[in-house]
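Descriptive analysis of the structure
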Amino acid sequence: MPEKRIVLKNCGVIDPRRIDTYLQQDGFKAWQKASAMTPEQVIAEVKASNLRGRGGAGFPCGLKWEGARNAPGAEKFVICNADEGEVGTFKDRYILQNDPFSLIEGLAIASHAVGARQAYIYLRGEYRFLLSQLRGAIRQAKEKGFLPHVDIEVREGSGAYICGEEMALMESIEGKRGEIRYKPPFPTTQGLWQMPTVINNVETLMNVAPIILNGAAWFNQIGTERSKGTKVLSVSGDVAKPGVYEIVLGTTLKELIVDLAGAKNIKLVQIGGATGRIVSASMLDTPLAFETMLSAGAITVFDETRDVIDIVHRTMEFLAEESCGKCSPCREGCGIIVNILERFIKGTATPKDITTLEQLSSAMMLTSLCGLGQAAPNSVVDSLKYFRSAYEERMKKVEVVAR
Amino acid sequence: MADITVTMNGKQVGGPAGITILELAKQNGIDIPTLCYLEGLPPTGSCRVCVVEVEGSRTLVASCHTPISAGMIIQTHSPKVLEARRVIVELLLASHCGTCYMCEKANICELREVAVDLDVGVPRFPIRRRFYPIEDESPYITRDLSKCILCRKCIRACNEVAKKHVYAMGYRGFDSKVVVDFDEVLNKEVCRDCGICIPYCPTGALSNPQKSRKDKKGPPLVIKG
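This is a predicted model, so every value here is computed, not measured.

1. Examining the confidence of the model for chain A
A low pLDDT score tells you not to read the predicted coordinates there in detail. Confidence along chain A averages 89 in pLDDT terms, with 98% of residues attaining 70 or more. Looking over chain A, one finds the lowest element-wise mean pLDDT in helix H11 (residues 253-260) of chain A, namely 87, and the highest in strand S2 (residues 118-123) of chain A, namely 93.

So, in structure tokens, the structure goes:
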């Protein structure tokens, strides 16, 4: 299946610094259409399109909007999560760099639907170089009169991975320490400043304008039964052509990394960055959709020359560094997994260490407060499932001496 | 408030809407261990020891901050829950300094109590301890952060009960720590004559400054046999 461009249709076509080039490509037509509709009609359209959140969890976008719209609150907020911290993703950067106007249009429609007067774009700290362009785009849209109902403010992160999680992101916007809040209450009822808040990924909001313009029925034709539309994926690692690809949901992993990106001698693929799943080369025929294993848009390919334990160890080192330190399983557990993996690297591990890894991983997945802790042992669990021999080879060699 | 009926450990129990699973369990005489829960103060959900199994939930849920909803089927002491609690307590013990025999709070230590209840001995995990110097500059509080399990009770006690806002969290991940100002040593300039946090501390991280031997009154008692 070839690439299909819905989200990225304007990337490379328009000049991201000039709004008139965007207006030539039917820019803000969807906003004009949406502003003539009632908020309920907009939400109904998005709900009918079955658009699912592109940040990783795949929560239906329409339900989120409806929840926030109906929740009682003096003020409502819409946040665009552009804190793209996941290891190996760069899709949001590509979108923001090439087409900030579609995002602003999506935010304008979302704010109209939810009834928010204030919207935030939470930009990753490392993406500071996009700040002036993004603010320029907001200013131009405002000057052209496309944002009569909402103020869009760009907030910068400071480089914490955890602030990509919705609750920690809100704490960060409030000026507090970037830490998880417990759920429930969910953001749709008590989010930013305890007010109903909708938080959407950049890519989710990019899908809104095409849906409003072309209708939910059109969007429903694309994709699989439970995952509609396309997905922008960042392919990196041992591939001939790394980069951003937009594929129809349901495309197999093989079509993406072998046919499009040109990977050879694949050993394993990490889908969804540091907290993502690891799949072995035998599973390349799995379709990429929310019902299978898709999360954030990172696809990292490792070829035969790479060592599984090194990959997992590096991943866990990263997560131990980035754990916020609030809940005990994640704070203590990530570091302990790193320590146990170091034993495998040094060759001092015993069979008991594999059992400990399994017990610890499952407890962390069950008890952690947020998605980071719950998904942190994914790479350990999956590598133990598909590459158990790699662990067994690295165990302490006990020599049996014949008497 | 309307009563909500839930099934807890196979028994139908009811409670007013809005209360948490932990509160309902307490009302019904079911003991769920906790380390960071403070009655009457907003929960933080940081220790995760109070997790329970709720049917239909992907993960275990912490009972201290999860409100009850109609038709919930809750297991507070299933094997899965007990094992998860054990792992968490072992994780906490793996980074705890483990000098119980010379700890002032050894016999009233909540961490030890929970560990004994769950039948936890030596942790199965590699030991990685935090070591911080003992802060005994303040005449009111002695802090030994090597014993801290980061339950944040002292922060909440200071903020919500004493309203003094002396403590806060600093650093990240394994290195996170309860800090005073910009990670200063607790001295009498920042915190004066209150000590409300000491009884809240579940471990010996906060304690009353011990009187040194020479301060004790009277001549030394010598028993002759």
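2. Some thoughts on the interface of chain A and chain B
As a measure of interface size, the accessible area lost when the parts come together is often cited. Listed by partner, the interface residues are 28 residues for chain A and 26 residues for chain B. Those elements giving two or more residues to the side of chain A that touches chain B turn out to be helix H12 (308-322), helix H13 (328-346) and helix H14 (351-367) of chain A. A per-element tally of the side of chain A that touches chain B places H13(A) first, with 9 residues. Partitioned by chemical class, the residues of the side of chain A that touches chain B number 12 nonpolar, 10 polar and 6 charged.

3. Looking at the sheet that holds strand S3 (residues 151-156) of chain A
Strand pairs in the sheet, formed through backbone hydrogen bonds, run parallel or antiparallel to each other. Residues and elements named next belong to chain A. Sheet architecture is open: 4 strands sit in the order S3-S2-S1-S4, paired in parallel fashion. Where the open sheet ends on each side, the last strands, each with one partner, are S3 and strand S4 (197-201). The mean inter-strand angle of the sheet, taken between neighbouring strand axes irrespective of direction, is 20°. Of the strand pairs in this sheet, S2 and S3 are connected by 6 bridges, and their pairing is parallel. Considered in S3, the bridge of Ile-121 is made with Val-154.

4. Thoughts on the sheet that holds strand S6 (residues 243-248) of chain A
All names here are of chain A. Ordered by their spatial adjacency, 5 strands build an open sheet running S6-S5-S9-S7-S8, and the pairing between neighbours is mixed. This sheet does not close on itself; its edge strands, each paired only once, are S6 and strand S8 (277-280). On average, each strand axis in the sheet is tilted by 30° relative to the strand beside it, whichever way the strands run. Taken together, the 4 bridges between strand S7 (residues 266-271) and S8 define a ladder with antiparallel strand orientation. Pairing of Leu-268 across the sheet is with Ser-280, part of S8.

Calculation criteria
- Residues numbered from 1 in each chain as written.
- Chains lettered and ligands numbered in written order.
- Predicted model: local features only at pLDDT ≥ 70, side-chain atom pairs only at ≥ 80, totals over all residues.
- pLDDT = per-residue confidence, 0-100.
- Helix = DSSP H or I, 4+ residues; strand = E, 2+ residues; numbered from the N terminus.
- Contact = placed C-beta atoms within 7 Å.
- Nonpolar A, V, L, I, M, F, W, Y, C, P; charged D, E, K, R; others polar.
- Pairing = 2+ DSSP bridges.
- Axes fitted to C-alpha atoms, helices over the stretch in contact; angles between N-to-C directions.

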